[in-house]
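Chain by chain, the residues:
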Amino acid sequence: MTVAQFNARPCPRGGSSAAGVTHIRHRHREKFTVVGNHLAQHQGLSACAVGIGVYIQSLPDGAPVTIKVLAAHFREGERRIAQALNELQEAGYLERERRRVDGARIVTFTRWYEHPHQRRAAAVPEVKSRVATPPTPTPTPAPRPAVPHRPPAPLPDALRPAARLLAGLRQREPRLPLCEQDVHRLAPLLQEWLARGFSDSAVFRTLTGDLPSGTIRWPARLIEYRLREWVPPHVPDDGPDPGGRPLPLQNCDRCDHAFRAAEPGVCPGCAAAAG
């Protein structure tokens, strides 16, 4: 009777299994990030949340980490990125706070905690201080007395046409409403335009033409700038025609030759011969 023989090799008694991961070590000396296993091996986070968390931890302070910025970097869409950020926020790694700045603009401030214990430790003293120290009552400011409205002094009759044109600007351009004080203040500047021969239609075209697009925040400043910087020149009462037109043709009373002159008479040649 022969002895049974096996072809399979016996399993090694010591060492690691060949089926597991084998690390090829590399010592990083620059451009590397230290990440704790509490994040890299977190069992409650999805793979997308862990990857985004490692990416955020590798960024410098001040780098934008909005949903649109992260979606432009990764292949996942904005909805998946938002879910991953919510997971990191619930796990204590991420903190987002919306604040109102400059009176109207809302900005989101983001904090990244490299370990969730940092967030819990930072929240404990705040709770203790609130319990130990009662809030200081804020003194109520005394109401300010109402300032009575004082209408501006009446305009002289010479400035009433200019004031009427300024008050009517909002009918031509709704973005140029002027209050009563602005009308009285700018009326002398516009009266100088009217004194130099500017018509009402020319005033409206100049003050309402080529305006910037969108809302005009300070219409009075814009009108004042144009009235001061675009003031028209004086038109002379006499002198040569500003259009450069030639003098009319006249027939000489002696030789009947045509010549140019302002009034009929003799031509320069006949005048020199008679001379």
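Details of the structure are given in the entry above.
The model shown is predicted, which means the values in this text are computed figures rather than measured ones.

What counts as what
- All residue numbers refer to position in the chain's written sequence, counted from 1.
- Owing to the predicted nature of the model, reporting of local features is limited to residues with pLDDT of at least 70; listing and counting of side-chain atom pairs is limited to 80 or more, with chain, interface and lining totals taken over all residues.
- For side-chain calculations, the full set of non-hydrogen atoms in the structure is used, while hydrogens and water are omitted.
- The secondary structure listing takes helices from DSSP runs of H or I that are at least 4 residues long and strands from runs of E that are at least 2 residues long, numbered from the N terminus.
- A simple rule labels every residue: compare its accessible area, found with a 1.4 Å probe on the protein chains alone, to the largest value its type can have, and call it buried under 20%, exposed over 50%, or partly exposed in between.
- In this analysis, two residues are considered to be in contact whenever any of their non-hydrogen atoms come within 4.5 Å of each other.
- Our working definition of a disulfide is a cysteine sulfur pair at a distance within 2.5 Å.
- We define a salt bridge as a contact between a side-chain nitrogen of Lys or Arg and a carboxyl oxygen of Asp or Glu at a distance within 4 Å.

Undergrad: How would you summarise the overall build of the protein chain if you had to cite specific residues and measurements?
TA: What the protein chain contains, in helices and strands, is eleven helices and four strands. The buried share of the protein chain, reckoned over its 275 residues, is 23%. In the protein chain, 47% of the contacts between residues at least 6 apart in sequence involve partners at least 24 apart.

Undergrad: Account for the state of the cysteines, with residues named and values stated.
TA: Across all of its chains, the model carries zero disulfides by this definition. Here Cys270 is not cross-linked by a disulfide; its sulfur's nearest cysteine counterpart is in Cys267, at 3.5 Å. Exposure remark for Cys270: the relative accessible area of 15% places this residue in the buried category.

Undergrad: Please set out the pattern of salt bridges residue by residue, giving values where relevant.
TA: Here the structure, examined in full by the defined rule, presents eleven salt bridges. For Arg196, the salt bridge is made with Glu192, and the minimal N-O distance between the two is 2.9 Å. On the accessibility criterion, Arg196 (21% relative accessible area) is partly exposed. A single salt-bridge network, built from bridges that share partners, covers Asp182, Arg185, Glu224 and Arg228.

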